[in-house]
Amino acid sequence: AQTVTQSQPEMSVQEAETVTLSCTYDTSENNYYLFWYKQPPSRQMILVIRQEAYKQQNATENRFSVNFQKAAKSFSLKISDSQLGDTAMYFCAVFNNDMRFGAGTRLTVKP
Amino acid sequence: GAVVSQHPSWVICKSGTSVKIECRSLDFQATTMFWYRQFPKQSLMLMATSNEGSKATYEQGVEKDKFLINHASLTLSTLTVTSAHPEDSSFYICSANPLGGYYEQYFGPGTRLTVT
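Residues numbered from 1 in each chain as written. Chains lettered and ligands numbered in written order. Predicted model: local features only at pLDDT ≥ 70, side-chain atom pairs only at ≥ 80, totals over all residues. Heavy atoms only, no water.

**A few points about the interface of chain B and chain A**
And step 1. Listed per partner, the contact involves 20 residues of chain B and 20 residues of chain A.
And step 2. Across the chain B/chain A interface, buried area totals approximately 1,800 Å², and carbon plus sulfur atoms make up 55% of it.
And step 3. Looking at the side of chain B facing chain A, the largest losses of area belong to Y102, Y103 and F107 of chain B, adding up to 37% of the total buried there.
And step 4. For the interface between chain B and chain A, the tally reads 1 salt bridge. (Contact = heavy atoms within 4.5 Å. Buried area = accessible area lost by both parts, 1.4 Å probe. Salt bridge = Lys/Arg side-chain N within 4 Å of Asp/Glu carboxyl O.)

**Brief notes about the packing of aromatic side chains**
And step 1. Counted under the stated rule, the structure contains 15 aromatic pairs over all chains.
And step 2. Ring centres of F95 of chain A and F34 of chain B lie 6.5 Å apart, and the angle between their planes is 90°; this geometry places the pair in the edge-to-face category. Of this pair, F95 of chain A sits in strand β10 (residues 88-96) while F34 of chain B is found in strand β4 (residues 30-38), placing the two residues in two different chains.
And step 3. F95 of chain A gets classed as buried once you look at its relative accessible area, which sits at 2%.
And step 4. Cluster of aromatic residues (ring-pair linked, three or more members): Y33, F35, Y37, F91 and F101 of chain A together with Y36, Y103 and F107 of chain B.
And step 5. R43 of chain A extends its terminal NZ or CZ atom over the ring of F91 of chain B, reaching a point 4.1 Å from the ring centre.
And step 6. Sitting above the plane of the W10 of chain B ring, R112 of chain B keeps its charged end 5.6 Å from the centroid. (Phe/Tyr/Trp six-rings, centres within 6.5 Å; stacked < 30°, edge-to-face > 60°. Helix = DSSP H or I, 4+ residues; strand = E, 2+ residues; numbered from the N terminus. Buried < 20%, exposed > 50% of the residue type's maximum accessible area, 1.4 Å probe, protein only. Lys NZ or Arg CZ within 6 Å of the ring centre and 35° of its normal.)

**Re the nonpolar core**
Residue and element names in this part refer to chain A.
And step 1. Judged by nonpolar contacts, the single largest core of 25 residues is most densely connected at W36, F75, L77 and Y90.
And step 2. Every element with two or more residues in this core is listed here: β3 (19-21), β5 (33-39), β6 (46-52), β8 (64-69), β9 (74-79), β10 and β12 (105-110).
And step 3. Excluding anything up to four places from it in sequence, F75 contacts C23, Y25, L34, F35, W36, Q51, V66, N67, F68 and C92. (Core = buried A, V, L, I, M, F, W, Y, C linked by side-chain atoms within 4.5 Å.)

**A look at the pattern of salt bridges**
And step 1. Going through the model one piece at a time under the given rule, you end up with 7 salt bridges over all chains.
And step 2. K55 of chain A serves as the salt-bridge partner of E52 of chain A, at 4.0 Å between the closest nitrogen and oxygen.
And step 3. According to the relative accessible area criterion, K55 of chain A is partly exposed, its value standing at 39%.
And step 4. When the shortest N-O distance is used, the salt bridge between K66 of chain B and D88 of chain B registers 2.8 Å. Remark: D88 of chain B occurs in the loop between β8 (76-81) and β9 (90-98) and K66 of chain B occurs in the loop between β6 (57-58) and β7 (67-73); sequence separation between them is 22 residues.

**So, the pairing of β5 of chain A**
Successive residues of a regular strand alternate their side chains across the two faces of the sheet.
Residues and elements named next belong to chain A.
And step 1. β5 sits mainly inside the fold: 7 of its 7 residues count as buried.
And step 2. Covered by surrounding structure in β5 are Y33, F35, Y37 and Q39 together with L34, W36 and K38, the residues of both alternating faces.
And step 3. Of the strand pairs in this sheet, β5 and β6 are connected by 6 bridges, and their pairing is antiparallel. Its bridge partner being in β6, L34 is matched across the sheet by Q51.
And step 4. In this sheet, β10 lies alongside β5 in antiparallel orientation, the contact comprising 7 bridges. When the bridges of β10 are listed, Y37 appears paired with F91. (Pairing = 2+ DSSP bridges.)

Structure below.
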């Protein structure tokens, strides 16, 4: 079974600055997928970015990028040029047959 | 595309009654649907995996006789909370995995259940 650890319960960042959210995971599988999801107050889960474990190149999606260190089982999310709309809960997740989530990081972007 | 709906979005029921929550994939067929439970300020906890036409697989600690899951078609899965108790009050979220999309997950908007 997979486990996911997010060690930062809360983070804050000034608007337009950069912030990095940490995530480590554990899995015995070799083929898996990693995700970052955003959950705003509406509670709708929104996919932020996805990384296939077999790909060495770090995924990027506009202002969002990841630092994927497979050997260290680390998958951090970097948000550049933070915007007020980025304020939300962020969940790291690993998928292999099913999805397991970390405890989440509450990010607040301050004006 | 890839929209998942849940109905109802919010339900209040009395202790001892049963309530059914529907999860529908609106524009794709889903071989597998997942049900999660989320308590306030906590993460999503997987309750069960539902495959069309077969019995659901429940996570350890989830009572299968209490949380009945039926996946009767490729676009609909239902979760029935039987003999509801106040401690069953929670936010229930489903996700759907489309045909051919091994790791793709599309989440429903969730259902808030309050048991009085």
